[in-house]
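Structural description and commentary
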Amino acid sequence: MFLTDDDIFSSAFCENSGKLINVHLFALAAKYYSLSNLGVCTPLEDVLEALKGDSEGAAGIKPDEFMNNKKSHEVQVMSELVDSIANYCGIKQVIDIGSGKGYLSSFLSMQYNLKVYGIDSSSSNTNGAHERNRKLKKHWRAYQSRGKESLKSRSLEMANDRPVEHELNCKTINEELLNNANSLQNQGQVIIQDVVPSCGFTEMAALETNTETEADFVSGTQSHETKLSEEVLAVLNVLPVDAVEDFSSSHCNCGELCEEEKVQRKMTSLKTKARKTSESNLYLPLTSCITAETELSDIITDLEDCMMVGLHTCGDLAANTLRIFTAKPEIKAVCNVGCCYHLLSEQFENQEECHDQIWGFPMCQYLKDKGWCCGRNARMSACLALERVAVGQMLPTESLFYRAVLQVIIEEIYGVTKSDRHVGKTFSKSSSFVDYVRRSLKKLELDDSKLPDSCIMDYYEKYKDRMNELEAFNMLKVVLAPCIEVLILLDRLCYLKEQENIAWSGLVKLFDPVKSPRCYAVIALKNQPCS
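Now for a quick tour of the structure. (Residues numbered from 1 in each chain as written. Predicted model: local features only at pLDDT ≥ 70, side-chain atom pairs only at ≥ 80, totals over all residues. Heavy atoms only, no water.)

A look at the overall build of the protein chain
Worth spelling out the cut-off: Helix and strand assignments come from DSSP, with helices taken as H or I runs of at least 4 residues and strands as E runs of at least 2, each series counted from the N terminus. Burial status follows relative accessibility: with a 1.4 Å probe on protein chains alone, a residue under 20% of its type maximum counts as buried, one over 50% as exposed, and anything between as partly exposed. Residue contacts follow a heavy-atom distance rule, with two residues in contact if any of their heavy atoms lie within 4.5 Å. All accessible areas in this document rest on Shrake-Rupley with a 1.4 Å probe, and a residue is counted as covered only by the protein chains that are shown.
A tally of helices and strands in the protein chain yields 21 helices and 7 strands. Out of the 531 residues in the protein chain, the part that is buried amounts to 45%. Long-range contacts, defined as pairs at least 24 residues apart, comprise 75% of the intrachain contacts of the protein chain with a sequence gap of at least 6. Summed over its atoms, the accessible surface of the protein chain is roughly 28100 Å², and 51% of this surface lies on carbon and sulfur atoms.

Observations concerning the pattern of salt bridges
The cut-off we apply is this: In the sections that follow, a salt bridge refers to a side-chain nitrogen of Lys or Arg positioned within 4 Å of a carboxyl oxygen of Asp or Glu.
A complete count under the given rule lists 14 salt bridges for this structure. Its salt-bridge partner being arginine 379, residue glutamate 346 comes within 2.4 Å of it at the nearest N-O pair. Of the two residues, glutamate 346 is situated in the loop between strand E5 (331-339) and helix H15 (365-369) and arginine 379 in helix H16 (residues 376-382); the sequence distance between them amounts to 33 residues. By relative accessible area, glutamate 346 is classed as buried at 2%. Owing to a relative accessible area of 4%, arginine 379 belongs among the buried residues under this scheme.

So, the nonpolar core
Test applied: Side-chain atoms within 4.5 Å are what join buried Ala, Val, Leu, Ile, Met, Phe, Trp, Tyr and Cys residues into a set we call a nonpolar core.
Membership of the largest hydrophobic core comes to 74 residues, with the highest contact counts inside it found for Met78, Leu81, Ile85, Met307, Cys335 and Leu510. Among the elements that make up this core, the one with the highest residue count is helix H5 (residues 69-89) (8 residues). Listed in part, the 22 residues of the second largest apolar core include Leu406, Ile410, Tyr414 and Val437.

With respect to unusual backbone geometry
Following phenylalanine 361, the chain continues to proline 362 via a peptide bond in cis, the omega torsion being -5°. Within the secondary structure, proline 362 sits in the loop between E5 and H15. For asparagine 113, which is not a glycine, the phi torsion comes out positive at approximately 60°. Locating asparagine 113 in the fold gives a position in the loop between helix H6 (103-112) and strand E2 (115-120). Judged by its relative accessible area of 13%, asparagine 113 falls in the buried class. Phi is positive for glutamate 445, which is not a glycine, with a value near 60°. Turning to its location among the elements, glutamate 445 is positioned in the loop between helix H19 (433-443) and helix H20 (453-463). Judged by relative accessible area, which is 57%, glutamate 445 ranks as exposed.

Following this line, the structure appears as structure tokens:
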């Protein structure tokens, strides 16, 4: 008799009682059905290779300033992918849904010259993004001033030792270099002119040899500029374009210009001003609540062919992002990484029928037809991070124990089994279990005066020997977490596969799961009209 995998794994549970009797087999089954083992993901390298075409990637700038390691890792990886998709689809406009403080949005605009609208439902997040831009502008000015002073000092020191016979050569090359620099800036991705004075570099470079060709000289100058601008670039990593001020190289007094050079400089200046006008708002934070019925044209007046992105869109926002993508012809591609599965709304979780509501789960017709339901406990488990636990970042057992005993107290003393209020991060602010319970009861608006400290401690003593049980139970939840996440992600992928206007869709593992546990992106590209 041939046994299927399901038959083998089902023996992990008792046939009569349904209780778990074989933990090892349970763990093997969980691993077997995890996303990394099912073979349904497309490797990120393959996606980037397919999208690359003849384009070259932008010079790598690590966004490690003003971001923690986790956010820096996420922004750098995702922005490269988004830029590749945008180039492949021939679009320059990006809509960042649930943009938060604008880390991804600002980096996309700064590093890749994309016009980004960051939409977040929280006005405090949007205001925070504006405030962050303001602070970054201050940092930019400070770094710029420091860079100029440093280069001016070096330039003067070197100039004092310079032989007089090289001075004329220096002035001649200066003008050539300024014109070359302006030309290069017109082709660049970021609006930055004269982070440091060009003539300072010219004078230093001219000292090395008077037999250098002009091409060698420019090349050497650029290497000096790269080396001496590292500190400035550290700030520019995440600086939105509208925070960068434009300074004309004409402030450098490097000798008289001939008529031809004056015309060339004037044309360069006009092009720069035109480019600055069109790109001065490459990143614009907006406040709006996004639903499946949201009309983007009501929020973005200059909506054009674009792509939607979302880095850790919370709960139903991930599902709504995919629905908007499929419904709006202007949106040519989507790249979404969801999170907060516990906040998903489920169509079949409650028996009450709400025909008009749009649910976060399930999305695909296959699971709808089966009336599939996860339930809040399962969705909570899907948020756990197996990879982090595997490397020693253990679960907060004590805080989970506090929360479990609190629930017993609330049910037995107050008769409350459900509440719309949340305890939140009370554990970290509490000095003891008694303090934790009292703080929590106040948050839940329950009267703690009828509960003496001795009664609270009686509950603690009653259950403290079962803390190991709780830890074991939560470890089983961690093992099962990837399987539940698979169900939610495959539901979203199947929804996209059911649409007729999708050219390609897939799941891609973007991030290191230890750094960023919610590491899978749902990506899709629409069919392109024949030209």
